[in-house]
Amino acid sequence: MQKRLLFNSKLLQITISRLCQHLIENHGDFSDSVILGMQPRGIYLAERIRKRLEEMLTTKIKLGYLDTTFHRDDFRRRESPKTPNQTKVPFIIEDKKVILIDDVLFTGRSVRAALDAMTMFGRPAKVELLVLIDRMYTRHIPVEANYVGRRVNTMTSQRVLVELEEQGKKDNIWLINETE
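This report concerns the structure included in the present document. (Residues numbered from 1 in each chain as written. Predicted model: local features only at pLDDT ≥ 70, side-chain atom pairs only at ≥ 80, totals over all residues. Heavy atoms only, no water.)

Considering the layout of surface pockets
Part 1 of the argument: The volume enclosed by the second largest pocket comes to roughly 220 Å³.
Part 2 of the argument: As for the second largest pocket, its lining consists of Ser9, Gln13, Ile16, Ser17, Arg48, Lys51, Arg52, Glu55, Glu165, Glu166 and Asp171.
Part 3 of the argument: Of all the elements in the fold, those that place two or more residues in the lining of the second largest pocket are α1 (9-27) and α2 (42-57).
Part 4 of the argument: The class makeup of the residues in the lining of the second largest pocket is one nonpolar, three polar and seven charged. (1 Å grid on protein atoms, 1.4 Å probe; cavity = no way out; pocket = protein on both sides within 12 Å on 5 of 7 lines; lining within 4 Å. Points joined across faces, edges and corners; volume = space filled by probe spheres on them. Helix = DSSP H or I, 4+ residues; strand = E, 2+ residues; numbered from the N terminus. Nonpolar A, V, L, I, M, F, W, Y, C, P; charged D, E, K, R; others polar.)

Rendered as structure tokens:
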């Protein structure tokens, strides 16, 4: 197994600040915008982005956690059922601009499931996608992120490992070759 470092702690901080600047350009004071972190790993990035935005804007920003388990198209195809995570959206997203956040964009199927899951909380005015890593050329469905930390050309035999402080690890993002 080979590992290549894509992000270290310092580069991750810089990238998150850049993404936040871009969000502020498009969403202003966030009075009409909310953030939804995709369970399980997107919530850590969403929390960090919200924290950074609140520091920059000195205002509170609404954050929710969205689980897509029962909206996935492969839910019934698994040999053992996938364990759902908590959905926590303590606000209505009707007519709001929603920023959907996940760590890695791969096939796009999780994003499609998240769009379905969001409808339980209202019809947003607009939905945007923010990801830390965009695994290019791997889509199964036509999904594209509006905000990207880094685009990486990957093969299906590779995987991206995101390690964040919020998960009790040191901030690092790796590209791992599963086969040698």
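A few points about the packing of aromatic side chains
When we look at a pair of aromatic rings, we describe it by the centre distance and by the angle of the planes.
Part 1 of the argument: Taken as a whole and judged by the stated rule, the model has zero aromatic pairs.
Part 2 of the argument: If you follow Lys3 out to its NZ or CZ, it ends over the ring of Trp174, 4.2 Å from the centre.
Part 3 of the argument: Over the ring of Phe106 we find Arg135, and its NZ or CZ is 4.0 Å from the ring centre. (Phe/Tyr/Trp six-rings, centres within 6.5 Å; stacked < 30°, edge-to-face > 60°. Lys NZ or Arg CZ within 6 Å of the ring centre and 35° of its normal.)

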